[in-house]
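Here is how the chains run, residue by residue.
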Amino acid sequence: MAKLEILETPDARLKTVAKPVEIFDDELSRLVEDMIETMYEAQGIGLAATQVNVHKRLLVLDVSDNQDTPRVYINPEIIGSEGSETCEEGCLSVPGIYAEVSRAEKVRVAARDRDGNPFEEDLDGMHAVCLQHEIDHLNGKLFIDYLSPLKRRMVIKKLEKQRKIAGEKPAGTVF
Ligand code: GNR
Ligand code: NI
């Protein structure tokens, strides 16, 4: 198993629209396992292939309390939705930023599992929020794209500042 590198905004590769998975083979299974491991290591509740620079329609998530129930969605499609709900979101590709986003409250999703078998599910709560967030990644979209232009500029400024601080040597360190 291998931990994968997670792309961070403003990396243009995060804007790539992912292509459907056509071949369900061992290579895909390995990618699924690596994505699950990467999600847990990064302490995320979801991860889209786009975030690890693989532009295939595949995502993993785990919204369970004990982080012991990974779920895999390949070629996911939202085939029904109802209601709307606002939730504070974060993203491994937008570190340190949290903002309220409004999405469908309940969704019905059609997808395939890692063996290529189709399934459908009705989701709500955090499961529905996370699935919609991950499908956005597959379409090249980030949660900050929903913010007003002003708020988004503030977020980008904050990210630049965070990055500058992270790149500085800690005070007193002699190299
Ligand atoms: O870890 C994550 N937490 C989260 C919180 C609220 C709404 C969505 C998410 S997904 C995010 C992991 C991530 O960036 N997935 O793409
Ligand atoms: Ni994300």
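Scroll up to find the structure.
Since we're looking at a predicted model, the values are computed, not measured.

**A closer look at the overall build of the protein**
When you go through the protein residue by residue, the secondary structure sums to 3 helices and 7 strands. Helices (α) and strands (β) of the protein occur, in sequence order from the N terminus, as α-β-β-β-β-β-β-β-α-α. Rg of the C-alpha trace for the protein: 17 Å, near the compact-globule value of 16 Å for 175 residues, within the 12% margin. By principal-axis analysis of the C-alpha atoms, the protein measures approximately 55 × 40 × 30 Å. Out of the 175 residues in the protein, the part that is buried amounts to 41%. Considering only contacts in the protein between residues 6 or more positions apart, those separated by 24 or more positions represent 65%. Of the roughly 10100 Å² of accessible surface on the protein, 49% is carried by carbon and sulfur atoms. With 23 positive and 32 negative side-chain charges, the protein shows a separation of 10 Å between the mean positions of the two kinds.

**Side note on the site of ligand 1**
Around ligand 1, 14 residues are found, and the nearest of them are Ile-45, Gln-51, Leu-92, Glu-134 and His-137. Between ligand 1 and the protein, one listed contact pairs an oxygen atom with a backbone N or O atom of Ile-45 at 3.0 Å. Leu-92 is positioned with one of its backbone polar atoms (N or O) 2.8 Å from an oxygen atom of ligand 1. When ligand 1 sits alone it has 380 Å² of accessible area, and the protein chains cover 90% of it. Here the element with the most residues in the shell around ligand 1 is helix α2 (residues 125–138); it accounts for 5 residues. Its residues placed into classes, the shell around ligand 1 shows 5 nonpolar, 6 polar and 3 charged.

**Some points on the pattern of salt bridges**
Tallied over the entire structure, the rule returns 9 salt bridges. Taking the shortest distance from any N to any O, the salt bridge between Glu-89 and Arg-103 comes out at 2.6 Å. With Glu-89 in strand β4 (residues 85–89) and Arg-103 in strand β5 (residues 99–103), this residue pair connects regions lying 14 residues apart in the sequence. According to the relative accessible area criterion, Glu-89 is buried, its value standing at 3%. Judged by its relative accessible area of 8%, Arg-103 falls in the buried class. Beyond isolated ion pairs, a larger network of salt bridges with shared partners links Glu-89, Arg-103 and Asp-136.

**Things to note about helix α1 (residues 26–41)**
Taking 1.5 Å of rise per residue, 16 residues should cover 22 Å, and α1 covers 22 Å from first to last C-alpha, within 8% of that figure. Lining the buried residues of α1 we find β1 (46–48), β2 (58–61) and β3 (71–82). Immediately beyond the C-terminal end of α1, within one or two residues, lies Gln-43, with a positive phi of roughly 60 degrees.

**Side note on the sheet that holds β2**
Taking strand neighbours across the sheet as the criterion, the 5 strands line up as β1-β2-β3-β6-β7 in an open arrangement whose pairing is antiparallel. Taken across any chain shown, the strands that pair with only one partner, and hence form the sheet edges, are β1 and β7 (118–123). The mean angle between the axes of side-by-side strands here comes to 40 degrees, regardless of whether they run parallel or antiparallel. In the sheet, β3 pairs with strand β6 (residues 106–112) via 6 bridges, with the strands oriented antiparallel. Paired with Glu-77 across the strands is Ala-110, a residue of β6. The sheet contacts of α1 involve β1, β2 and β3, and relative to β2 the element is tilted by about 40 degrees.

**Quick look at a negative patch on the surface**
A cluster of acidic residues, Glu-82, Glu-85, Glu-105 and Asp-124, forms a negative patch at the surface. If you trace the backbone, Glu-105 turns up in the loop between β5 and β6. The class for Glu-105 is partly exposed, based on a relative accessible area of 30%.

Scoring rules and cut-offs
Residues numbered from 1 in each chain as written. Chains lettered and ligands numbered in written order. Predicted model: local features only at pLDDT ≥ 70, side-chain atom pairs only at ≥ 80, totals over all residues. Heavy atoms only, no water. Helix = DSSP H or I, 4+ residues; strand = E, 2+ residues; numbered from the N terminus. Rg over C-alpha atoms; globule rule 2.2 N^0.38 Å. Buried < 20%, exposed > 50% of the residue type's maximum accessible area, 1.4 Å probe, protein only. Contact = heavy atoms within 4.5 Å. Areas by Shrake-Rupley, 256 points an atom, 1.4 Å probe, with all protein chains shown as cover. Lys, Arg positive; Asp, Glu negative; His and termini not counted. Charge placed at Lys NZ, Arg CZ, Asp CG, Glu CD. Near = heavy atom within 4 Å. Polar contact = N/O pair within 3.5 Å; in protein donor to acceptor, adjacent residues only side chain to side chain. Nonpolar A, V, L, I, M, F, W, Y, C, P; charged D, E, K, R; others polar. Salt bridge = Lys/Arg side-chain N within 4 Å of Asp/Glu carboxyl O. Expected span 1.5 Å × (residues − 1). Pairing = 2+ DSSP bridges. Axes fitted to C-alpha atoms, helices over the stretch in contact; angles between N-to-C directions. Patch = residues over 30% accessible without salt bridge, like charges linked within 9 Å, V, L, I, M, F, W, Y side chains within 5 Å.

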